[in-house]
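Structure at a glance
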Amino acid sequence: MASIVETLDIDRPVAHTYAVWADVERWPEFLHHVERVERTGDRTFHWWLRVAGAEKAFEAELTELVPDQRIAWKTLGGVDHAGVVTFHETSDTTSRVALQIEYQPDGFVEHLGAITNLDHVLANYDLGQFKALAES
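Described in the following lines is the structure provided in the data block. (Residues numbered from 1 in each chain as written. Predicted model: local features only at pLDDT ≥ 70, side-chain atom pairs only at ≥ 80, totals over all residues. Heavy atoms only, no water.)

**Thoughts on the overall build of the chain**
Rules: In this text, helices come from DSSP runs of H or I with a minimum length of four residues, and strands from runs of E with a minimum of two, each type numbered from the N-terminal end. Using a 1.4 Å probe on the protein chains alone, a residue whose accessible area is under 20% of its type maximum counts as buried, one over 50% counts as exposed, and one in between counts as partly exposed. Whether two residues are in contact is decided by their heavy atoms, any of which lying within 4.5 Å being enough. To measure how exposed things are, a 1.4 Å probe is used in the Shrake-Rupley method; for residues, cover is taken only from the protein chains shown.
When helices and strands are tallied, the chain shows three helices and seven strands. Shown N-terminal to C-terminal, the secondary structure of the chain runs as helices and strands in the order β-α-β-β-β-β-β-β-α-α. Looking at the chain as a whole, 37% of its 136 residues qualify as buried. A separation threshold of at least 6 residues defines the contact pool for the chain, and within that pool the share at least 24 residues apart is 46%. For the chain, the exposed area adds up to about 7,300 Å²; of that, 52% sits on carbon and sulfur atoms.

Here you go:
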């Protein structure tokens, strides 16, 4: 398994930051490899990804939703991936987002990304995109 842990400070209150991330169907706006997310149930979603030119699709489930604090998810088959994002109030007007992802690299490109820490670079890029969206 490969692990990614990254944090980022956002110049917006934690309630706003949580609300932006909690809108799962907006994830393609800040997760560069996510093509589309479509709700299939109360807590389940179908994902379409493009990673290094390869397309993947899978079902995922939100396993935990704690307003203004925590969102966790896991895949339901095919791709082995789970994650959690936590939201921390740093002041009345700022928050910290902590992202943790565990995944099983699949194929040469994903193994290379895990070995070279490219997956961390991409996670930081995505968090930067999220920051821009949340602060706009």
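**Points about the pattern of salt bridges**
Pairs may arise between side chains of opposite charge once their charged atoms sit close together. Convention followed: Salt bridges are defined as contacts in which a side-chain nitrogen from Lys or Arg sits within 4 Å of a carboxyl oxygen from Asp or Glu.
Enumeration according to the criterion identifies seven salt bridges in this entry. Of the charged contacts, one joins Glu-38 and Arg-36 as a salt bridge, the two residues approaching to 3.8 Å between their closest N and O atoms. The exposure class assigned to Glu-38 is partly exposed, which follows from its relative accessible area of 39%. The closest approach of N and O atoms between Glu-135 and Lys-131, which form a salt bridge, is 3.0 Å. Pair noted here: Glu-135 and Lys-131 are both in helix 3 (residues 118–135), with a separation of four residues, about one helical turn. For Glu-135, a relative accessible area of 29% corresponds to the partly exposed category.

**Here's the deal with helix 1 (residues 14–22)**
Rules: The arc under discussion is defined with respect to the helix axis, by the directions toward the C-beta atoms.
What helix 1 keeps buried is the set Val-14, Thr-17, Tyr-18, Val-20 and Trp-21. One side of helix 1 carries all its buried residues, which in axial view fall inside an arc of 160°.

**Digging into empty space enclosed by the protein**
Convention followed: A pocket here means an open set of points on a 1 Å grid, computed over the protein atoms alone, that has protein on both sides within 12 Å along at least five of seven lines. A cavity is instead a set of points where a 1.4 Å probe fits but cannot get out; residues with an atom within 4 Å of a point line either one. Grid points are joined across faces, edges and corners, and a volume is the space filled by probe spheres set on the points. Gly counts as polar in this scheme, as do all residues outside two lists: the nonpolar Ala, Val, Leu, Ile, Met, Phe, Trp, Tyr, Cys and Pro, and the charged Asp, Glu, Lys and Arg.
Inspection of the entire model under this criterion finds one cavity of 30 Å³ or more. Approximately 30 Å³ is the volume attributed to the largest cavity. Broken down by secondary-structure element, the contributors of at least two residues to the lining of the largest cavity are strand 3 (44–51) and strand 4 (54–66). At three residues, the largest contribution of residues to the lining of the largest cavity is made by strand 4. Looking at side-chain class alone, the lining of the largest cavity contains seven nonpolar, no polar and one charged residues.

**Things to note about unusual backbone geometry**
Unlike most non-glycine residues, Asp-68 shows phi in positive territory, near 65°. Looking at where Asp-68 falls in the secondary structure, it is placed in the loop between strand 4 and strand 5 (70–75).

**A look at the sheet that holds strand 1 (residues 2–10)**
In plain terms, the rule: At least two DSSP bridges between two strands are needed for those strands to be called paired. Each axis is a line fitted through C-alpha atoms, taken for helices only over the stretch in contact, and angles between the N-to-C directions span 0 to 180 degrees.
With antiparallel pairing, the seven strands of this open sheet are ordered in space as 1-7-6-5-4-3-2. Edge positions in the sheet fall to strand 1 and strand 2 (34–39), since each of these pairs with one other strand and no more. Adjacent strand axes in the sheet meet at a mean angle of 20°, parallel and antiparallel pairs treated alike. Judged from the five bridges that link them, strand 2 and strand 3 form a sheet pairing that is antiparallel. Bridge pairing links Val-37 to Trp-47 in strand 3.

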